[in-house]
Amino acid sequence: MQIGSQAKRDPLCGLSRTEDAKKMMQNVHLAPEIDEDDLYSGYNDYNPTFDTEDLENDVAFQQAARTSHGRRPPVTAKIPGTSASRPLATGFGVVDSKSKTTLTSSMGRPMTGAIQDGIARPMTAVHAAGYTKAAIRGSSFDPLGQARGPAPPLETKNFDSSEEKIRQLEKKVNELVEESCIANSCGDLKLALEKAKEAGRKERVLVRQREQMATPENINLDLTYSVLFNLASQYAANEMYAEALNTYQVIVKNKMFSNGGRLKVNMGNIYLKQRNYSKAIKFYRMALDQIPSVHKEMRIKIMQNIGVAFIKTGQYFDAISSFEHIMSMSPNLKAGFNLILCYFAVGNGEQMKKAFQKLIAVPLEVDYDDKYISPNDDPHTNLLMEAIKNDSLRQIERERKSMAEEYIMTAAKLIAPAIETSFAVGYDWCVEVVKASHYVELANDLEINKATTYLRQQDFNQALETLKMFEKKDSRVKSAAATNLSFLYYLEHELAQATNYADLAVNSDRYNPAALTNKGNTVFANGDYEKAAEFYKEALRNDSSCTEALYNLGLTYKKLNRIDEALDCFLKLHAVLRNSAQVLHQIANIYEIMEDPNQAMEWLLQLISIVPTDPHVLSKLGKLYDNEGDKSQAFHYYYESYRYFPSNIEVIEWLGAYYIDTQFCEKAIEYFERAALILPTQVKWQLMVASCYRRSGNYQKALEKYKVIHRKFPENVECLRFLVRLCTDMGLKEVQEYMTKLKKVEKLKEIREQRIKSGRDGSARSRREGNVAGDTNSGGTKGERLSVKLKAFPGTSEPYESSTSKEIDASYVDPLGPQAERPKTAARKRTEEDDFADEELGEDLLPE
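All values derive from a computational prediction rather than experimental measurement. (Residues numbered from 1 in each chain as written. Predicted model: local features only at pLDDT ≥ 70, side-chain atom pairs only at ≥ 80, totals over all residues. Heavy atoms only, no water.)

Asker: Can you tell me about the overall build of the chain, naming the residues and giving the values?
Answerer: Counting its regular elements, the chain contains 35 helices and 2 strands. A burial count over the chain gives 35% of its 848 residues as buried. Considering only contacts within the chain whose residues lie at least 6 apart along the sequence, 49% involve residues at least 24 apart. When the accessible surface of the chain is summed, it comes to about 53,000 Å², and 51% of that surface belongs to carbon and sulfur atoms. (Helix = DSSP H or I, 4+ residues; strand = E, 2+ residues; numbered from the N terminus. Buried < 20%, exposed > 50% of the residue type's maximum accessible area, 1.4 Å probe, protein only. Contact = heavy atoms within 4.5 Å. Areas by Shrake-Rupley, 256 points an atom, 1.4 Å probe, with all protein chains shown as cover.)

Asker: Hey, could you go over the side chain of Ser479 for me, with residue numbers and the actual values?
Answerer: Here Ser479 lies in helix α19 (residues 475-491). We classify Ser479 as buried; its relative accessible area is 0%. In this structure the side chain of Ser479 is engaged in a polar contact, spanning 2.8 Å, whose partner is the side chain of Asn512. Ignoring sequence-local partners within four residues, the contact set of Ser479 consists of Ala505, Ser508, Asp509, Asn512 and Ala515. (Polar contact = N/O pair within 3.5 Å; in protein donor to acceptor, adjacent residues only side chain to side chain.)

Asker: Hey, could you go over a positive patch on the surface for me, with residue numbers and the actual values?
Answerer: Where like charges cluster on the molecular surface, the positive patch consists of Lys197, Arg201, Arg204 and Arg208. On the accessibility criterion, Lys197 (33% relative accessible area) is partly exposed. (Patch = residues over 30% accessible without salt bridge, like charges linked within 9 Å, V, L, I, M, F, W, Y side chains within 5 Å. Salt bridge = Lys/Arg side-chain N within 4 Å of Asp/Glu carboxyl O. Lys, Arg positive; Asp, Glu negative; His and termini not counted. Charge placed at Lys NZ, Arg CZ, Asp CG, Glu CD.)

Asker: An account of the nonpolar core is requested, with residue identities and associated values reported.
Answerer: In this structure, Phe356, Val434 and Tyr706 are the most contacted members of the largest nonpolar core, which totals 170 residues. Of all the elements, helix α15 (residues 392-419) adds the most residues to this core, at 9 residues. Setting aside residues no more than four positions away along its own chain, Val434 makes contact with Phe356, Ile360, Ile408, Tyr439, Val440, Leu442, Ala443 and Leu446. Judged by nonpolar contacts, the second largest core, of 9 residues, contains Ile166, Leu169, Val173 and Ala199. (Core = buried A, V, L, I, M, F, W, Y, C linked by side-chain atoms within 4.5 Å.)

Asker: I'd like a rundown of the pattern of salt bridges, residues and numbers included.
Answerer: Under the counting rule described, the total for this entry stands at 19 salt bridges. We note a salt bridge from Lys358 to Glu324, for which the minimum N-O separation is 2.8 Å. One end of the pair, Lys358, is in helix α13 (residues 349-360); the other, Glu324, is in helix α11 (residues 316-329), with 34 residues separating them in the sequence. Within this structure, Glu530, Arg562 and Glu565 form a network of salt bridges that share partners.

Asker: Go over the confidence of the model for the chain, please, and point to the residues and values.
Answerer: Mean pLDDT over the chain: 77, with 70% of residues reaching 70 or higher. Contacts of residues 1-34 to residues separated by more than four positions or lying in other chains number 42 contacts, the stretch itself having pLDDT below 50. Contacts from residues 134-145, a stretch scored under 50 in pLDDT, to residues over four places away or in other chains number 14 contacts. (pLDDT = per-residue confidence, 0-100.)

Asker: Could you give an account of unusual backbone geometry, with specific residues and numbers?
Answerer: With a phi angle near 60°, Glu239 is a residue other than glycine that sits in the positive phi range. One non-glycine residue, Asn561, adopts positive backbone phi at about 60°. By the element assignment, Asn561 lies in the loop between α23 (547-559) and α24 (563-576). With a relative accessible area of 61%, Asn561 lands in the exposed category.

Asker: Break down the packing of aromatic side chains for me, citing the residues and quoting the values.
Answerer: For any pair of aromatic rings, the description consists of the separation of the ring centres together with the inter-plane angle of the planes. Taken as a whole and judged by the stated rule, the model has 21 aromatic pairs. With a centroid separation of 5.9 Å and 25° between ring planes, the pair formed by Phe635 and Tyr639 is classed as stacked. Of this pair, Phe635 and Tyr639 both sit in helix α28 (residues 631-644), 4 residues apart, which is roughly one turn of that helix. According to the relative accessible area criterion, Tyr639 is partly exposed, its value standing at 33%. An angle of 25° between the planes, with centres 4.4 Å apart, marks the rings of Tyr638 and Trp654 as stacked. In this pair, Tyr638 sits in helix α28 while Trp654 sits in helix α29 (residues 649-661), placing the two residues 16 residues apart along the sequence. With a relative accessible area of 8%, Tyr638 lands in the buried category. Overall, the relative accessible area of 14% leaves Trp654 in the buried class. An aromatic cluster of at least three residues, connected via ring pairs, comprises Phe635, Tyr638, Tyr639, Tyr642, Trp654, Tyr658, Tyr659 and Tyr671. Cation over ring: Arg643 sits above Tyr644, and NZ or CZ is 5.0 Å from the ring centre. Taking the ring centre of Phe664 as reference, the NZ or CZ of Lys667 above it sits at 5.4 Å. (Phe/Tyr/Trp six-rings, centres within 6.5 Å; stacked < 30°, edge-to-face > 60°. Lys NZ or Arg CZ within 6 Å of the ring centre and 35° of its normal.)

Asker: Run through the packing of α23 against α24, naming residues and quoting values.
Answerer: Interhelical geometry of α23 versus α24 gives an angle of 155° and a closest axis separation of 8 Å. One finds that α23 runs roughly antiparallel with respect to α24. In this structure, the crossing between α23 and α24 has a hand that is left-handed. Across from Thr547, Leu550, Tyr551, Leu553, Gly554, Leu555, Tyr557 and Lys558 in α23, the residues of α24 making contact are Glu565, Ala566, Cys569, Phe570, Lys572, Leu573 and Val576. Across the contact of α23 with α24, the residue classes tally to 10 nonpolar, 2 polar and 3 charged. (Axes fitted to C-alpha atoms, helices over the stretch in contact; angles between N-to-C directions. Parallel < 35°, antiparallel > 145°, perpendicular 65-115°, else oblique. Left-handed = near helix turned anticlockwise from the far one by under 90°. Nonpolar A, V, L, I, M, F, W, Y, C, P; charged D, E, K, R; others polar.)

Asker: Describe α11, listing the residues and the values that go with them.
Answerer: The end-to-end C-alpha distance of α11, which contains 14 residues, comes to 20 Å, matching closely the 20 Å that a straight helix rising 1.5 Å per residue would cover. Among the residues of α11, those classed as buried are Ala319, Ile320, Ser322, Phe323, Ile326 and Met327. Across the axial projection of α11, the buried residues extend over an arc of 165°, all falling on one side. Within α11, the exposed residues directed more than 90 degrees away from the buried face are Phe317 and Ser328. (Expected span 1.5 Å × (residues − 1). Arc of directions from axis to C-beta.)

Asker: Let's hear about helix α20 (residues 495-508): which residues, and what values?
Answerer: For α20, built from 14 residues, the straight-helix expectation of 20 Å at 1.5 Å per residue is met to within 8% by its first-to-last C-alpha distance of 20 Å. Those residues of α20 lying buried are Ala498, Thr499, Tyr501, Ala502, Ala505, Val506 and Ser508.

Asker: Any chance you could break down the environment of Ala412 for me, citing the residues and the numbers?
Answerer: Mapped onto the elements of the fold, Ala412 is located in helix α15. Note: C-alpha distance between Ala412 and Phe356 (56 residues apart in sequence) is 8.0 Å.

Asker: Outline the packing of helix α9 (residues 277-290) against helix α10 (residues 296-313), supporting the account with residue identities and numerical values.
Answerer: Remark: α9 packs on α10, axes separated minimally by 9 Å, with the N-to-C direction vectors making an angle of 160°. Between α9 and α10, the angle falls in the class roughly antiparallel. Crossing hand, α9 versus α10: left-handed. Residues Tyr277, Ile281, Tyr284, Arg285, Ala287 and Leu288 of α9 form the contact with α10, whose participating residues are Arg299, Ile302, Met303, Asn305, Ile306, Ala309, Phe310, Lys312 and Thr313. Tallied by class, the residues present in the contact of α9 with α10 amount to 10 nonpolar, 2 polar and 3 charged.

Asker: Quick rundown of the environment of Thr247? Include the residues and the values.
Answerer: Structurally, Thr247 can be placed in helix α7 (residues 241-253). Separated by 15 residues in the primary sequence, Thr247 and Ala232 have C-alpha atoms spaced 5.4 Å apart. Setting aside residues up to four positions removed in sequence, Thr247 forms contacts with Leu228, Leu231, Ala232 and Tyr235. Reaching out from Thr247, the side chain makes a polar contact with the backbone oxygen of Glu243 at a distance of 2.8 Å.

Next comes the structure, spelled out in structure tokens:
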């Protein structure tokens, strides 16, 4: 736009006055002429000045953008031929009336509307800026541009006003609610509840302040709802169900909260956790009535909760109706599986089949692996496929698919014995149904599970036949079947077959950790521990979570006497399996081998916290405490072991010896009698019972017991010597009879020893003389057999059993050991005797 020299300009902004604006607008060329008949003509036309596509190639523009080149200097330039007192308006040019030339700014920018090189510079404004003379006069600048002083200060915010206080309090409440939610997501439930309570207190203060202002537009219902809802959620997370229900009731009963009725679902969930199933169903139905039909997904989830509550109460037919409605409206995996469970509970085989088919037909809505295979060799496409092959969406798809497979496998194992006359026929039907669906790969897994079920039923032949069917399948299925076959033959101690199938499994799938573990087991059974360790290590490299391989590797290191490495294996395994009794026992055993009884006892104490009724662990603890000298703890654990397993001879012997050491022979009788019942052919325990009777002073019972032992073992020298001694002490007539028997038994013993000696001499002569080999060998064999029999009796090596003595030796040694000396009862010796001790007693004072 060109402005004439006669136009008057405003010295402040350079805009023309109102009376000259009309003339100037006539010279403005905003666009070419437009055909009035064509409504859209000129729509795509624009001024070339607005073209920004070539700005990257514009050197002047790039230089101005990077440097200070092109910046306009302060307003100091003067227009030639004009009054020196009139400053040049920045950014505008004028036309000299004499030269008719267009004047531009100091840096050469054309003035607004001026035409240069056939291009008109666009106008910066069509209308005036709105300034008036009064406004100009009142501004801090005069028309000559001279300053009148600083601008007035900005209006300060009044923090003491009620509106500002309410606003700050609302902000604080929102921050507390957010902090409570963050603490809950981090697992700090206690802090989350405290923040929620504090937010509730501040929100009540805020409500009171609003009530004092009495302005209805200040009421913030959303804030109140969020505070109460968060508080109820935190109460429920901290299992404070009564407080949570009360808070939910406050929200539900307030009619100002339009969607508060939906929270009855949360109340129903709380009642379900409290196992108050009738109330849970009631609140679920109330919530269902308040949710419109357009919210289809939410209604389906509530109906699913109702069905689960019916299952909990045993109302299977009501649950069936709920799940059938869900499967007809919006089928999903959980509802289908629960429907199968309900039909299984009522025993309806036909409906189980239909429900299983519905479960198979549930759409997963996931893309299969073909999507992640690049159709060409484009590197960009291949990179994209690699990026999305394991992203979060792909992981969700895998989880959904694995969950569906788990539901189908579990349902098939559940209904297979119930839908047909036999388990095998039912499983075959499930396999056929699965093969006809898009879960074709599950059919082979079902067949392998069928073989596993045969194993649980102890039907090994059927399991072998089922697994052998997979020898011609693909490599993955063949490897799984061969692994199971190898394990079966290993259990049956057929190592050759186990090795063959282990090799087949490894060759079919070298990355199968179970196959490598089985191969290591077969090598371990053959005694090649180094090679077995290599297979276990390879299995762990393929799958670091293979606990079987790690356990077997620890056992292998124990066999190789590499105790430290074995301990490392079991400690790693303990970090994975915290409550494994086998792992804890192995660790304790290794510490015992390393002669560290304190560590061994510590790990055994952890072990009995998991298996408190294991008698062998308890007896091991008792033995360790006994070795450490702690008799009381040893007695405790030995006694606990005896309670759970009263047939362990070692425990019985220790307990009996403990009571004898503490001079409670009567209590020791119980344990030795138990040992005599367990081992009735050993005379040792019966002799101990008789000795306990004798030590406790019950000589009559001891005599009777020795007689019983003599009738059972008439050739036992020790029993006869006890009988001779007891009869002698008690002055019984049977003493001569037992002395005669003792003499005969000792004579027989002397003859047997002579036969043994002669048998040894005869065997020596037989080596020198071959003609008498048969007789001497037979005598020697008989003598050795008798000597072994004698050695089986207890006490045959005692020193008092002398066969060279010509006279009868009636002395004996107590099998329980020497009797403890009775403690003295007097603290000091009596120094003075009574006076009447020297007096003679008359015959009349003596007892009759």
